[in-house]
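In case you want the letters, here they are:
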Amino acid sequence: MAAPRNIVILTGAGISAESGIDTFRAEGGLWEQHRIEDVATPEGFERDPDLVLNFYDMRRAALATVAPNPAHEALARLDAEFDGELLIVTQNVDDLHERAGARRVLHMHGELKSALCRICERRTPFEGTMRQRPACPMCESRSLRPDVVWFGEMPYEMDRIYAALRAADLFVSIGTSGAVYPAAGFVRDAREMGAHTLELNLERSEGSHWFHESRQGRAGELVPAWVEEILR
Ligand code: BV8
């Protein structure tokens, strides 16, 4: 294909695996330790807020113990050196893309280092833990929740994502199982609108058959090699 001018990248937990962050569906992964319904749904939060706040407090604290890996660093290099349009849409709630230096990042499922107030509905940067019910910095109420999109909730900035997919000439999916919508459907949206589609993943995913090209391997190897191809 001709050199791409407009790239949309979708990343999932697999890009952070080599940094030591558990994925969701691997053996012993995050969802094995907890039922999705208990920790990643509004109903689960209403049922047992301490369980959910603790689940996210622990994942937020773990961020201090991990670092970006060569895959994050390669995408940050692409962001710095690619002179076309680029958007990194991540399903991840970690901050490793930003810590590697990427700027054009969109967290469609929210972020661990952000809090959402259930009263004033503002999103504010957040470090530390929520289980002691800290006050919202904007309205003082003690009703903060993780600023994370749970099942049944609307992902963030969908209009911006679909506009980017419409304009893309290359869509690359990195480290995601293709199990959760609407993210899992982006490859079809991009393909229908004329983009070339490439998957970089440890193994074939639920959506591999939708991609023009699918490469299997570790993100820490595949992503730097792919970025080298693009920037050459
Ligand atoms: C919505 C944030 C309406 C939380 C997450 C029936 C009933 C009810 C709902 C539904 C239903 N059918 C469909 C739905 C919708 C539902 C859904 O898709 N359910 C699934 C289970 C069927 N989706 C929703 O509810 C979404 N909202 O639909 O609202 C709407 C619709 C359209 C438009 C607007 C609104 C909201 C879903 C968001 C849930 N929140 N995360 C948190 O982080 O705690 S989901 C979470 O799992 C991730 O964010 C990600 O999105 C998803 C999948 O995880 P992955 O990132 O792919 O990780 P996984 O472990 O699965 O896979 C890792 C991959 O990496 C593997 O393939 C592995 O091989 C690979 N890998 C591992 N190591 C490496 C590697 N690759 C490379 N290198 C390595 N080293």
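Everything numeric here is computed off the predicted structure, so don't read it as measured data. (Residues numbered from 1 in each chain as written. Predicted model: local features only at pLDDT ≥ 70, side-chain atom pairs only at ≥ 80, totals over all residues. Heavy atoms only, no water.)

A. Representation of the pairing of strand 8 (residues 196-201) within the structure. Counted residue by residue, strand 8 has 5 buried out of 6 residues, so it is predominantly covered. Pairing geometry for strand 7 (residues 170-174) and strand 8, over 5 bridges, is parallel. Directly across from Phe 171, in strand 8, lies its bridge partner Thr 197. A crossover connection joins strand 7 to the parallel strand 8 through helix 8 (residues 186-192); in handedness this β-α-β unit is right-handed. Where strand 8 and strand 9 (residues 213-216) come together, 4 bridges link them in parallel fashion. When the bridges of strand 9 are listed, Leu 198 appears paired with Glu 213. (Buried < 20%, exposed > 50% of the residue type's maximum accessible area, 1.4 Å probe, protein only. Helix = DSSP H or I, 4+ residues; strand = E, 2+ residues; numbered from the N terminus. Pairing = 2+ DSSP bridges. Right-handed = clockwise from strand over helix to strand, strands pointing away.)

B. Structural view of the nonpolar core. If you look at the biggest cluster of nonpolar residues, it comprises 24 residues, and the most contacted ones within it are Ile 7, Ile 9, Leu 75, Val 172, Ile 174, Val 223 and Trp 226. Looking at this core, the elements with two or more residues in it are strand 1 (6-11), helix 5 (70-81), strand 2 (85-90), strand 7, strand 8 and helix 9 (219-231). The leading source of residues in this core is helix 9, at 6 residues. Within the second largest apolar cluster, 22 residues are counted, among which are Leu 53, Val 93, Ala 115 and Phe 126. (Core = buried A, V, L, I, M, F, W, Y, C linked by side-chain atoms within 4.5 Å.)

C. View of the site of the ligand. Of all residues adjacent to the ligand, which total 35 residues, the nearest are Arg 25, Arg 59, Gln 91, Gly 152 and Thr 176. Contacts to the ligand include Arg 25, whose side-chain N or O atom sits 2.6 Å from an oxygen atom. In isolation the ligand exposes 1,500 Å². Once the protein is present, 76% of that is buried. Here the shell around the ligand is composed, by residue class, of 18 nonpolar, 11 polar and 6 charged. (Near = heavy atom within 4 Å. Polar contact = N/O pair within 3.5 Å; in protein donor to acceptor, adjacent residues only side chain to side chain. Areas by Shrake-Rupley, 256 points an atom, 1.4 Å probe, with all protein chains shown as cover. Nonpolar A, V, L, I, M, F, W, Y, C, P; charged D, E, K, R; others polar.)

D. Inspection of helix 5 at higher detail. Taking 1.5 Å as the rise per residue, helix 5 with 12 residues should run 16 Å; its terminal C-alpha atoms sit 16 Å apart, in good agreement. Among all positions in helix 5, only Ala 71, His 72, Ala 74, Leu 75, Ala 76, Leu 78 and Asp 79 are buried. Considering only its buried residues, helix 5 is in contact with strand 1, strand 2, helix 6 (96-100), strand 7 and helix 9. N-capping of helix 5 is provided by Asn 69, with a side-chain oxygen placed 2.7 Å from the backbone N of Ala 71. (Expected span 1.5 Å × (residues − 1). Contact = heavy atoms within 4.5 Å.)

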